[in-house]
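Architecture and fold: a report
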Amino acid sequence: MYTYNDFDEAFVRERVAQFSAQVERRIDGSLTEDEFKPLRLMNGLYLQLHAYMLRVAIPYGTLNGRQMRQLAMIAERWDKGYGHFTTRQNIQYNWPKLRDVPQMLSALADVGMHAIQTSGNTIRNVTSDHFAGAAADEIEDPRPVAELLRQWSTDHPEFQFLPRKFKIAITGSPNDRAVTKAHDIGLRMVRNDAGEPGFEVIVGGGLGRTPMVGKVIREFLPKADLLPYVEAIVSVYNLLGRRDNKYKARIKITVHENGLDKIRELVEARFTDLRREFSGADQELLGEIEAAFAAPDFVSKPAEAYDTARETDPVFRAWADTNLTAHRNADYSIVTISIKTHGQTPGDATADQMRVLADLAETYGHDELRISHEQNVILPHVHKADLPAIHATLKAAGLATANVGLISDIIACPGMDYCALATARSIPVAQQIATRFDELKLEHDIGPLKIKISGCINACGHHHVGHIGILGLDRAGVENYQITLGGDGTEDAVIGERAGPGFAYDEIVPAIERLIHAYLDLREEASETFLQTYRRLGAEPFKAALYPAEERSNAA
Amino acid sequence: MSRRFTPKIVTANDLLEGDVVYLTRDDRWSLRLSEAELIEDEPHAQKRLHFAEGQQDLVVGPYLADAHRGPSGPEPAHFREAFRARGPSNYRHGKQEDLRG
Ligand code: SF4
């Protein structure tokens with residue numbers, strides 16, 4: 001696995017030392033809050049509703065057992081014994097005290113982690129396919145490129161004061177699991193006619209107030225040209241991006257206002273210049289990084305234990321059917337561990353659970369873990385023979401929920417239970433939907449379905465690309481929930497369509513239930529998914545279920 | 001012209017702990033909303049906010065929030081303030097834990 005080099009280590013340590021001094025100066029009164037705020041944000045420290053919140057980057061979602069164990073230690077020692085995994089492949093601590101934060105950062109630095117560039121108008125934590133390096137459908141592991149981008153963008157002098165924050169996502173597989181079309185830049189690995197790997201470059205995607213599906217600015221970019229090309233995009237944006245209006249400052253608006261063709265022309269021109277300046281050092285570096293990301297030594301041993309467990313243990317089989325994904329090595333599996341126990345907070349893991357995850361990675365998983373943007377934890381490399389033992393351990397730790405990709409595998413942002421920007425709660429809505437459908441015992445019958453919930457228009461919960469999206473708003477001083485339908489976060493990304501008027505807090509779960517019953521009645525056969533049925537029939541029958549006629553006439 | 005003034009409280013977060021705090025009549029910062037000073041007119045509200053903004057060594061981000069008079073002190077007018085005064089709904093953390101008993 002990739003480990004930080006000496007430069008990174010020194011840089012992170014220096015930042016911790018600087019921040020410790022800044023905290024002291026804030027406490028002794030030599031810094032005002034106005035002066036301190038940008039400094040704490042640069043180090044991932046927010047002030048939320050009830051407390052400070054520390055956001056820690058998990059670059060491209062990858063970490064090892066030692067790092068996970070340190071996250072557990074930090075949760076226990078300086079927080080309330082848990083952490084929250086987010087849709088940006090970060091972990092957030094919801095209850096740190098100001099004086100403790102430098103120590104937390106120092107403990108992170110001990111395992112090569114940090115909270116740098118998790119905030120501010122910079123290039124943020126580069127996110128990636130959580131199955132990277134393991135997926136059967138992958139062309140190449142995208143993480144070396146993600147790491148190259150991280151090194152290039154960290155503290156890049158030209159890009160510390162962009163018009164707005166800038167998010168890059170990358171996938172090495174044609175099946176997009178990293179929502180690349182909803183990022184400022186999305187990179188999707190494809191092959192050209194000669195069979196060489198390169199990237200489809202997507203620009204100007206984003207959710208939030210003005211959701212937009214990214215547009216392809218370059219259909220095929222050779223891998224070697226990646227850094228100069230990305231730099232060209234960011235520098236064109238840095239010049240053209242609007243700084244007069246926060247709501248029009250993201251690159252999606254720049255692309256929208258200037259037109260893709262003009263942006264492409266400018267980018268290509270800048271790229272031609274920049275490419276000359278890149279002497280090839282970046283490719284040497286990439287070579288070194290790639291070596292560090294080499295696949296583990298896969299073992300070969302009999303896998304009968306797996307077949308036996310499948311045959312004899314229905315609980316194991318149900319879990320295997322939902323939580324396993326094909327690995328590029330046929331003897332192996334990718335295990336998705338659901339952090340979505342019915343009724344629990346999506347994405348929250350206790351310190352004890354984190355230690356179980358660390359142990360499993362070390363014992364059975366070549367010491368690798370991933371965090372998905374869907375707020376689950378992945379063991380990317382598991383030999384099938386070890387699956388029954390892993391399942392037994394997960395069961396004992398309350399981590400064996402068999403619901404990945406199903407209705408209770410909900411993305412929910414922190415919403416108004418924590419987030420200072422929220423207009424409504426999202427966590428309890430997720431908890432209630434999961435609990436309700438568990439009671440109804442319909443989850444497996446319903447099949448693949450993505451519900452995504454955001455607590456405000458910023459859309460951290462990706463509601464626009466949920467098959468069913470839920471957006472919490474404040475309507476005249478009460479919580480109100482708007483439903484969008486038909487969204488899709490894959491390579492065929494679609495922004496969901498608003499279904500109609502919103503629902504009150506106590507009406508939203510019944511509304512979702514009506515929607516699901518309508519789907520079950522409408523589908524042609526059990527294998528037709530919610531999204532397929534929606535695409536076949538359009539929104540009308542679903543709207544009819546959401547807004548029954550008698551209620552409409554009552555309201556009139 | 002004279003629209004009725006909605007009563008206000010001054011609230012902020014504690015600098016060191018991050019906790020939600022409320023400005024009291026006697027210039028303290030209390031963890032309890034019930035101890036907040038309920039402000040009944042605009043000039044006084046501005047004066048109290050100004051005072052709070054001078055308390056940078058104790059609190060962060062003071063602002064005026066709508067409130068109304070309840071049987072045992074001010075009560076929040078908006079659900080956001082109700083959540084701030086109670087804590088998150090998914091765990092018994094925050095004030096509902098700290099102020100127990
Ligand atoms: S979507 Fe809104 S409420 Fe949810 S985490 Fe983002 S900013 Fe906060």
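Just so it is clear, the structure is predicted and the values come from calculations on it, not from any experiment. (Residues numbered from 1 in each chain as written. Chains lettered and ligands numbered in written order. Predicted model: local features only at pLDDT ≥ 70, side-chain atom pairs only at ≥ 80, totals over all residues. Heavy atoms only, no water.)

Residue and element names in this part refer to chain A. Closest axis-to-axis distance for the helix H3 (residues 65–78)/helix H12 (residues 351–364) pair is 8 Å, and the angle between their directions is 170°. In terms of orientation, H3 lies roughly antiparallel with respect to H12. The residues of H12 that touch H3, namely those facing Gly65, Arg66, Met68, Arg69, Leu71, Ala72, Ala75 and Glu76, are Ala351, Asp352, Met354, Arg355, Leu357, Ala358, Asp359 and Glu362. Across the contact of H3 with H12, the residue classes tally to eight nonpolar, one polar and seven charged. (Axes fitted to C-alpha atoms, helices over the stretch in contact; angles between N-to-C directions. Helix = DSSP H or I, 4+ residues; strand = E, 2+ residues; numbered from the N terminus. Parallel < 35°, antiparallel > 145°, perpendicular 65-115°, else oblique. Contact = heavy atoms within 4.5 Å. Nonpolar A, V, L, I, M, F, W, Y, C, P; charged D, E, K, R; others polar.)

Listed per partner, the contact involves 25 residues of chain B and 34 residues of chain A. Summed over the shared surface of chain B and chain A, the number is two salt bridges. Here Lys97 of chain A ties to Glu17 of chain B by a salt bridge, and the two come within 3.4 Å at their closest N and O atoms. Our count for the chain B to chain A interface comes out at 13 residue pairs in polar contact (both at pLDDT 80 or more). Elements with a minimum of two residues in the side of chain B that touches chain A: strand E1 (8–14), strand E4 (59–70) and helix H2 (79–86) of chain B. The element contributing the most residues to the side of chain B that touches chain A is H2 of chain B, with five residues. In terms of residue class, the side of chain B that touches chain A is built from nine nonpolar, nine polar and seven charged. (Salt bridge = Lys/Arg side-chain N within 4 Å of Asp/Glu carboxyl O. Polar contact = N/O pair within 3.5 Å; in protein donor to acceptor, adjacent residues only side chain to side chain.)

The ligand sits among Cys413, Pro414, Gly415, Cys419, Leu421, Ala422, Gly455, Cys456, Asn458, Ala459 and Cys460 of chain A. For the shell around the ligand, the class distribution of residues is eight nonpolar, three polar and no charged. (Near = heavy atom within 4 Å.)

Right, let's talk about the packing of helix H14 (residues 427–440) of chain A against helix H16 (residues 508–522) of chain A for a bit. All names here are of chain A. One can describe the packing of H14 onto H16 by two numbers: an axis separation of 10 Å at closest approach and a directional angle of 45°. Between H14 and H16, the angle is such that the two are oblique. Crossing hand, H14 versus H16: right-handed. When H14 is examined against H16, the residues Val429, Gln432, Ile433, Arg436, Phe437 and Leu440 are found in contact with a partner set consisting of Ile508, Val509, Ile512, Glu513 and Ile516. For the contact of H14 with H16, a count of residues per class yields eight nonpolar, one polar and two charged. (Left-handed = near helix turned anticlockwise from the far one by under 90°.)

Now for the pattern of salt bridges. Counted under the stated rule, the structure contains 50 salt bridges over all chains. Between Arg436 of chain A and Glu439 of chain A there is a salt bridge, with its nearest N and O atoms 3.1 Å apart. Placement of both Arg436 of chain A and Glu439 of chain A in helix H14 is noted, with a separation of three residues, approximately one turn of the helix. Classification of Arg436 of chain A as partly exposed rests on a relative accessible area of 28%. With its nearest N and O atoms 2.7 Å apart, the salt bridge here joins Glu37 of chain B to Arg48 of chain B. Of the two residues, Glu37 of chain B is situated in the loop between strand E3 (29–30) and helix H1 (42–53) and Arg48 of chain B in helix H1; the sequence distance between them amounts to 11 residues. Like Glu37 of chain B, the residue Arg48 of chain B is buried in the burial classification. Each of the salt bridges in this network shares a partner with another, and the network as a whole consists of Asp141, Arg143, Glu368 and Arg370 of chain A. (Buried < 20%, exposed > 50% of the residue type's maximum accessible area, 1.4 Å probe, protein only.)

It is common to give the size of an interface as the accessible area that goes away when the parts come together. All names here are of chain A. Per the domain assignment, the segments making up chain A are domain 1 (6–109), domain 2 (134–291), domain 3 (304–396) and domain 4 (411–555). The distance between the C-alpha centroids of domain 2 and domain 4 comes to 31 Å. Taken together, the 12 residues of domain 2 in the interface contact 12 residues of domain 4. Around 1,000 Å² of area is buried between domain 2 and domain 4 when both sides are counted, 68% of it from carbon and sulfur atoms. If you sort the residues of domain 2 by the area they bury against domain 4, Val179, Leu207 and Val213 come out on top, with a joint share of 41%. Inspection of the domain 2/domain 4 interface yields zero salt bridges. Taken together, the links from domain 2 to domain 4 amount to three residue pairs in polar contact (both at pLDDT 80 or more). Along the lines of polarity and charge, the residues of the side of domain 2 that touches domain 4 split into six nonpolar, two polar and four charged. (Domains from an automatic or database assignment. Buried area = accessible area lost by both parts, 1.4 Å probe.)

Residues and elements named next belong to chain A. Within the secondary structure, Leu221 is located in strand E10 (residues 215–222). Expressed as a C-alpha distance, the spacing of Leu221 and Gly208, which sit 13 residues apart in the sequence, is 28 Å. Setting aside residues up to four positions removed in sequence, Leu221 forms contacts with Gly198, Phe199, Val201, Leu226, Tyr229 and Phe271.

Below, the discussion takes up the nonpolar core. All names here are of chain A. Counting residues in hydrophobic clusters, the biggest one holds 66 residues, and the most contacted among them are Leu54, Met68, Leu71, Tyr93, Trp319 and Leu379. The dominant element in this core, judged by the number of residues it contributes, is H12, at seven residues. With near-sequence residues (within four places) excluded, Tyr93 lies in contact with Tyr52, Met53, Leu54, Val56, Leu71, Ile74, Ala75, Asp79, Tyr82, Gly83 and Met104. Ranked by size, the runner-up nonpolar core spans 40 residues in total, among them Ala146, Phe199, Val234 and Val267. (Core = buried A, V, L, I, M, F, W, Y, C linked by side-chain atoms within 4.5 Å.)

Another aspect to go through is the sheet that holds strand E13 (residues 348–350) of chain A. Residues and elements named next belong to chain A. Pairing within the open sheet is antiparallel, and its five strands lie in the order E1-E2-E5-E4-E13. Looking at the sheet topology across the chains shown, the edges are occupied by strand E1 (45–47) and E13. Neighbouring strand axes in the sheet, compared pairwise and without regard to direction, differ in orientation by 30° on average. Bridging between E1 and strand E2 (residues 52–57) involves three bridges; their strand directions are antiparallel. Bridge pairing in E2 places Tyr46 opposite Met53. Against the sheet, H12 touches strand E4 (82–85), strand E5 (90–93) and E13, its axis set at about 85° to E13. (Pairing = 2+ DSSP bridges.)

Moving on to helix H8 (residues 260–277) of chain A. Residue and element names in this part refer to chain A. Under the 1.5 Å per step criterion, the end-to-end length of H8 is 25 Å for 18 residues, consistent within 8% with the ideal 26 Å. The set of residues buried in H8 consists of Leu260, Ile263, Val267, Phe271 and Leu274. Tucked inside the fold, the buried residues of H8 contact strand E9 (197–203), E10, helix H6 (226–240) and helix H7 (251–258). (Expected span 1.5 Å × (residues − 1).)

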